[in-house]
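Next come the chains, spelled out residue by residue.
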Amino acid sequence: MKKLILIFSFIFFTACSNETYSIYGEISSIEEDSINVGCSDLVRKSNNSNDDIGYSCTIKITDETIIKTQAGDALTFDELYKNNAVSVYFEEPITSVDSERLTFEAKEITVFESKE
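These figures come from a predicted structure and were not determined experimentally.

The rules we used
- Residues numbered from 1 in each chain as written.
- Predicted model: local features only at pLDDT ≥ 70, side-chain atom pairs only at ≥ 80, totals over all residues.
- Heavy atoms only, no water.
- Disulfide = S-S within 2.5 Å.
- Helix = DSSP H or I, 4+ residues; strand = E, 2+ residues; numbered from the N terminus.
- Buried < 20%, exposed > 50% of the residue type's maximum accessible area, 1.4 Å probe, protein only.
- Salt bridge = Lys/Arg side-chain N within 4 Å of Asp/Glu carboxyl O.
- Core = buried A, V, L, I, M, F, W, Y, C linked by side-chain atoms within 4.5 Å.
- Contact = heavy atoms within 4.5 Å.
- Phe/Tyr/Trp six-rings, centres within 6.5 Å; stacked < 30°, edge-to-face > 60°.

Q: Give a detailed account of the state of the cysteines, specifying residues and quantitative values.
A: Tallied over the full model, the rule gives one disulfide. In this model, Cys 39 is linked to Cys 57 through a disulfide, with the two sulfur atoms separated by 2.0 Å. Linking Cys 39 and Cys 57, the disulfide has an S-S dihedral of approximately 85° and is accordingly described as right-handed. Placement of the pair is Cys 39 in the loop between strand E2 (34–38) and helix H2 (40–47) and Cys 57 in strand E3 (residues 56–60), with a sequence separation of 18 residues. Here Cys 39 and Cys 57 have matching classes, each one buried.

Q: Now, about the pattern of salt bridges: what can you tell me, with residues and values included?
A: Under the counting rule described, the total for this entry stands at one salt bridge. Note that Lys 68 and Glu 108 form a salt bridge whose closest N and O atoms lie 3.4 Å from each other. Note that Lys 68 is positioned in strand E4 (residues 66–69) and Glu 108 in strand E6 (residues 103–111), a separation of 40 residues in sequence. Since its relative accessible area comes to 25%, Lys 68 is described here as partly exposed.

Q: Residue-level account of the nonpolar core, with values.
A: A general tendency of soluble globular proteins is for nonpolar side chains to be buried together. Ile 23, Ile 35, Val 37, Leu 42, Ile 59, Val 88 and Ile 109 are the most contacted members of the largest nonpolar core, which totals 24 residues. At the level of elements, strand E1 (20–30), E2, H2, E3, strand E5 (85–94) and E6 are the ones that each hand at least two residues to this core. Those residues in contact with Ile 35 that sit more than four places away from it in its chain are Ile 27, Ser 29, Ile 30, Cys 57, Thr 58, Ile 59, Ile 61, Phe 77, Leu 80 and Ile 109.

Q: Tell me about the packing of aromatic side chains, and name the residues and values.
A: Overall, the coordinates contain two aromatic pairs when judged by the stated rule. On the basis of an interplanar angle of 65° and a centroid distance of 5.6 Å, the ring pair of Tyr 24 and Phe 112 is categorised as edge-to-face. Separated by 88 residues along the polypeptide, Tyr 24 in strand E1 and Phe 112 in the segment after E6 bring together distant segments of the chain. By relative accessible area, Tyr 24 is classed as exposed at 54%.

Interpretation in functional terms is not warranted from these geometric data alone.
Below is the structure:
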């Protein structure tokens with residue numbers, strides 16, 4: 001019985017959490033050491049908002065960032081292209097988002113489609 005209560009408690013607290021470990025979107029632009037990815041869902045979730053404003057997050061890419069295909073093949077920064085669909089995973093969860101600060105560091109980027 002205690003295990004059952006523990007499991008339900010874990011599910012409840014996980015479901016109620018505003019923590020986000022990843023975002024999914026398209027690359028809208030590529031800079032020297034970062035990409036911009038649509039992140040409106042992240043901002044809406046964090047702010048409990050239903051606005052229809054389109055937000056773009058700057059995703060910093062470091063030497064430690066893993067970039068790969070959906071199949072697991074390694075990619076380089078130069079193999080990222082505008083309009084690629086990507087999932088960006090973060091080292092630390094994002095618990096709140098300020099629409100003035102939409103810059104995050106990527107731990108891992110998975111590319112789902114290539115549009116060269």
